[in-house]
Amino acid sequence: MYDPPSPKVSVIVPTYNRAPLLQQAIDSIRAQTLADWELIIVDDGSNDTTPDVVRAVTQQDSRIRFYRHTTNRGAATARNTAMKHAKGTYVAFQDDDDVSHPERLQKQADYLDKHPHVVLLYAQPVDFRGDKPPPMSVYDENHKKQISYATLMGPRAIYQQVPFRPFFVSSEDVDFCARVGEYCNRDERKTTHFEAVLQHTLYAYRVHSAHRLSRNRFCFILSLLCWVSQAHRAQGLKDPIDNAQTIDDAMDTITPQIPAYIDKYGFIKQSITSLVLIYMTLPSTASPEEQDMAAYAKRLFVSCLPFFRYASRYRPKYRSMFKSHMRKAIRHNRLDIYNNTLSLIVTYRLSPYFLVRLAPLVLFACIRH
């Protein structure tokens, strides 16, 4: 039986209920100056017309392959499904609502050919809103210099050794890149210079303002899990969340250890503080994802009580943090923020100091409302 030669690049696109935008993402790959590619699309249980859109293009282009999950299992699992079927020398990722510049695959593949030690190659992104992809001039005028995980390309042989962890329903690319880097550090055949960023703007990232805030808030929890994982791996310790299947599994594993992490890693202390701040200001109209995030933040906060009791009592910045949110809630008539903040102070008895100093604020709020 004839076995066709492996393509240069396998492009992986996980998708879920994005039928109106998916066609543009597919068209941007079909328009590439590099023709030696395969496009692997994994529909993660969509209930819209996504299967119809993909089947139509598979009939037009034999380089496009389609796989489908019967239920929604998350982008990480969808990427793993695609990775199992990838045959290319390199793997590139593409989000289902974004657009690649026509020269993206060619420029990234050329760079990797010339720099075989690089396994994480990024390009510059440009943001856009609306239904139409940006014109070429927008790519050329972009001045944003940053790493965008959506632009990632690297060797398939290594990527297939480091599957995405399924419980990362967001930030799965951040966790994946961190673990690829750790894998390379353990591999004596690789140098430590395994990461590079092309200074070409080759990717257009579509911004959805309606859900961006919710996603960013939820990412705090997952970023914290990622940092905990990295901290252990960097010291040659067993990753405490490596066998977790859900966020709850991961939380059950790390929550008892959080007090020790706070003393050891400053960035984890800062992350916990950020989570508390978000929980304090969570609006009453919060999405289900944000409510989940608040519940996780509350669990972490409970495990950190000794630290926060000490901090709120002896560190002025923590005292002022709570007080400023109380004042802001009263000033802007935000009962939801006021109640969240007060519940943290009273329920967890951060310090008797608060009950005395905040009494006038509490009384004023009661009179006002």
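Structure first, text after, so check above.
Once a new chain begins, its residue numbering starts again from 1 and follows that chain's sequence as written. At least 70 in pLDDT is required for a residue's local features to be given in this predicted model, at least 80 for side-chain atom pairs to be given and counted, and no such filter applies to totals for whole chains, interfaces and linings, which use all residues. Each side-chain value is worked out from all heavy atoms of the structure, with water and hydrogens disregarded.

(A) Examining the pairing of strand 4 (residues 90–93) more closely. Exposure categories follow from relative accessible area, calculated using a 1.4 Å probe and restricted to protein chains: below 20% of the type maximum is buried, above 50% is exposed, and the middle band is partly exposed. Secondary structure elements follow DSSP: runs of H or I no shorter than four residues count as helices, runs of E no shorter than two count as strands, and numbering proceeds from the N terminus. Side chains Tyr90 and Ala92 project from strand 4 onto one buried face, and the interleaved Val91 and Phe93 project onto a second face that is buried too. When DSSP locates at least two bridges between a pair of strands, those strands are taken to pair. Sheet analysis places strand 1 (residues 9–15) next to strand 4, joined by four bridges and oriented parallel. Counted as the bridge partner of Val11 is Ala92 from strand 4. Bridging between strand 4 and strand 7 (residues 153–155) involves three bridges; their strand directions are antiparallel. Each bridged residue has a counterpart across the sheet, and for Val91 the counterpart in strand 7 is Gly154.

(B) The pairing of strand 1, seen in detail. For strand 1, the tally of buried residues reaches seven of seven residues, placing the bulk of the element in the interior. Of the two faces of strand 1, both are covered, the one formed by Val9, Val11, Val13 and Thr15 as well as the one formed by Ser10, Ile12 and Pro14. Taken together, the seven bridges between strand 1 and strand 2 (residues 37–44) define a ladder with parallel strand orientation. Of the residues in strand 2, the one forming a bridge with Val13 is Ile41.

(C) Structural context of the environment of Ile158. Mapped onto the fold, Ile158 is located in helix 6 (residues 156–159). For Ile158, a relative accessible area of 9% corresponds to the buried category. Separated by 39 residues in sequence, Ile158 and Val119 place their C-alpha atoms 7.8 Å apart.

(D) Expanded view of the side chain of Asp43. In this structure, Asp43 sits in strand 2. What makes Asp43 buried here is its relative accessible area of 0%. With residues near it in sequence (within four places) discarded, Asp43 still touches Thr15, Thr50, Pro51, Phe66, Tyr67, Arg68 and His69. In what follows, residue pairs with any heavy atoms lying within 4.5 Å of each other are defined as contacts.

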